[in-house]
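A look at the structure
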Amino acid sequence: MFLTIKNVSKSYGKDASYTKVLDGVDISIASGERCIILGPSGSGKSTLLNVIGGLDEVESGEIIIDDVDITKLNDKKLVEYRREYLGFIFQFYNLVPNLTVRENIMVCENLAKKPLDIRELIKILGLEEHQYKFPSQLSGGQQQRCAIARAIIKNPKILLCDEPTGALDSKTAKDILILLENINKNYGTTIIMVTHNTPIKDMMDRVIHIKNGKISNEYVNKAVLPAV
Ligand code: ADP
Ligand code: ADP
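Below: a short report on this structure.

About the thresholds
Residue positions within a chain follow its written sequence, with the count starting from 1. As they are written, the chains are lettered A onward and the ligands numbered 1 onward, keeping that order. Local features in this predicted model are restricted to residues whose pLDDT is 70 or higher, and side-chain atom pairs enter the listing and the counts only when it is 80 or higher, whereas totals over whole chains, interfaces and linings include all residues. Values reported for side chains reflect all heavy atoms of the structure, with hydrogen atoms and water molecules removed beforehand. Think of it this way: DSSP has to see at least two bridges between two strands before they count as a pair. Labels follow the DSSP assignment, with helices taken as runs of H or I lasting at least four residues and strands as runs of E lasting at least two, numbered in each case from the N terminus. Axes here mean lines fitted to C-alpha atoms, for a helix over just the part in contact, with angles spanning 0 to 180 degrees between N-to-C directions. Whether a residue is near a molecule or strand is decided by its heavy atoms; if any one of them lies within 4 Å of it, the residue is near. Polar contacts, as used here, are pairs of N or O atoms within 3.5 Å; protein pairs need one atom able to donate a hydrogen and one able to accept it. Residues neighboring in sequence count only if both atoms are side-chain atoms. Gly is placed with the polar residues, together with every amino acid not listed as nonpolar (Ala, Val, Leu, Ile, Met, Phe, Trp, Tyr, Cys and Pro) or charged (Asp, Glu, Lys and Arg). Relative orientations are named as follows: roughly parallel for angles under 35 degrees, roughly antiparallel for angles over 145 degrees, roughly perpendicular for angles from 65 to 115 degrees, and oblique for any other angle. Each crossing gets its handedness from the near helix: less than a right angle anticlockwise from the far helix is left-handed, clockwise is right-handed. The criterion used for residue contact is that any of the two residues' heavy atoms lie within 4.5 Å.

Right, let's talk about the sheet that holds strand β2 (residues 19-29) for a bit. Pairing is antiparallel in the open sheet, where four strands are placed in the order β2-β1-β4-β5. The two strands at the open ends of the sheet, each matched to only one other strand, are β2 and β5 (68-69). Relative to strand β4 (residues 60-65), strand β1 (residues 3-12) is paired through five bridges, and the arrangement is antiparallel. By the bridge assignment for β4, L3 is matched with I65.

Before going further, it helps to spend a moment on the sheet that holds strand β10 (residues 214-220). Strand order in the open sheet formed by six strands is β6-β7-β8-β3-β9-β10, with mixed pairing between adjacent strands. For this open sheet the edge positions go to β6 (86-89) and β10, each flanked by a neighbour on one side alone. This sheet shows a mean twist of 15° between the axes of neighbouring strands, independent of strand direction. As paired strands, β6 and strand β7 (residues 158-162) are joined by four bridges and run parallel to one another. From the neighbouring strand, L86 faces β7, where its bridge partner is I158.

The next point concerns the site of ligand 1. Surveying the vicinity of ligand 1 reveals the residues Y12, V21, P40, S41, G42, S43, G44, K45, S46 and T47. For ligand 1, an oxygen atom lies 3.1 Å from a polar atom in the backbone of S43. Looking at the shell around ligand 1 element by element, the count peaks at three residues for helix α1 (residues 45-52). Looking at the shell around ligand 1, its residues break down into three nonpolar, six polar and one charged.

Let us look at the packing of helix α3 (residues 101-111) against helix α5 (residues 140-152). A packed helix pair is summarised by two numbers, namely the angle formed by the two axes and the spacing between the axes. The geometry of α3 relative to α5 is characterised by a closest axis approach of 7 Å and an angle of 25° between their N-to-C directions. Here α3 is positioned roughly parallel relative to α5, judged by the angle of their axes. By crossing handedness, the relation of α3 to α5 is classed as right-handed. Contact residues: V101, N104, I105 and C108 in α3; C146, A149 and R150 in α5. Taken together, the residues of the contact of α3 with α5 sort by class into five nonpolar, one polar and one charged.

Printed below as a string of structure tokens:
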């Protein structure tokens, strides 16, 4: 397996305010898989993404990516892991307001060892006519497409998406999901996405339901799962 989460637990607070947020979570994801994490608000979905992304520390358990347990990495190695492996997209695009679309993407292009071709990426994401505009001149869907380009330009192995369609109308949301599909097909990016919405099942290889910090249900779409 490419990504294995083993018995991961995490809690916040002490005594009366003690909350167990992740409670013995086990997940295995193959390279190039599209995985979606569903669950009610407060069930631990964002925390799970943050521990995979190395933004948050686990209390116990292991997160093994390409045979390396990232919970044991020092800060320097963790930054390297994030640079090489991870792209993030969020509900609220987090673009730099005084940079154009192209410049927002170029900031991450310059950090990458082997960036993707920016022109090709701008084309795939339908941003050609918007590339010299500023974020404030764009719709939500266009801003999210720019955020996807920025996350993907360094060709990360994993794209972590936290409610990427949460602020969009349903038509635009569907367009964004289709673009993420194209990214997965073109570049083989493993996609792990947290959402409230029920997405199109055929577009997903693995659907994980999380409730009170535990996996309550897991559905694997064997027809589309890549060979391990
Ligand atoms: P979800 O993404 O499913 O809505 P989260 O992972 O954001 O859930 O949060 C799960 C629980 O952890 C919530 O009860 C939340 O209040 C709590 N929590 C998250 N982050 C913190 C934090 N930094 N300090 C204290 N509690 C937190
Ligand atoms: P750097 O200082 O080189 O940006 P970081 O450790 O901050 O290194 O992040 C490395 C990579 O991880 C970034 O290129 C980005 O894709 C991703 N990342 C980490 N944290 C965040 C975040 N909060 N918002 C957006 N991307 C993030």
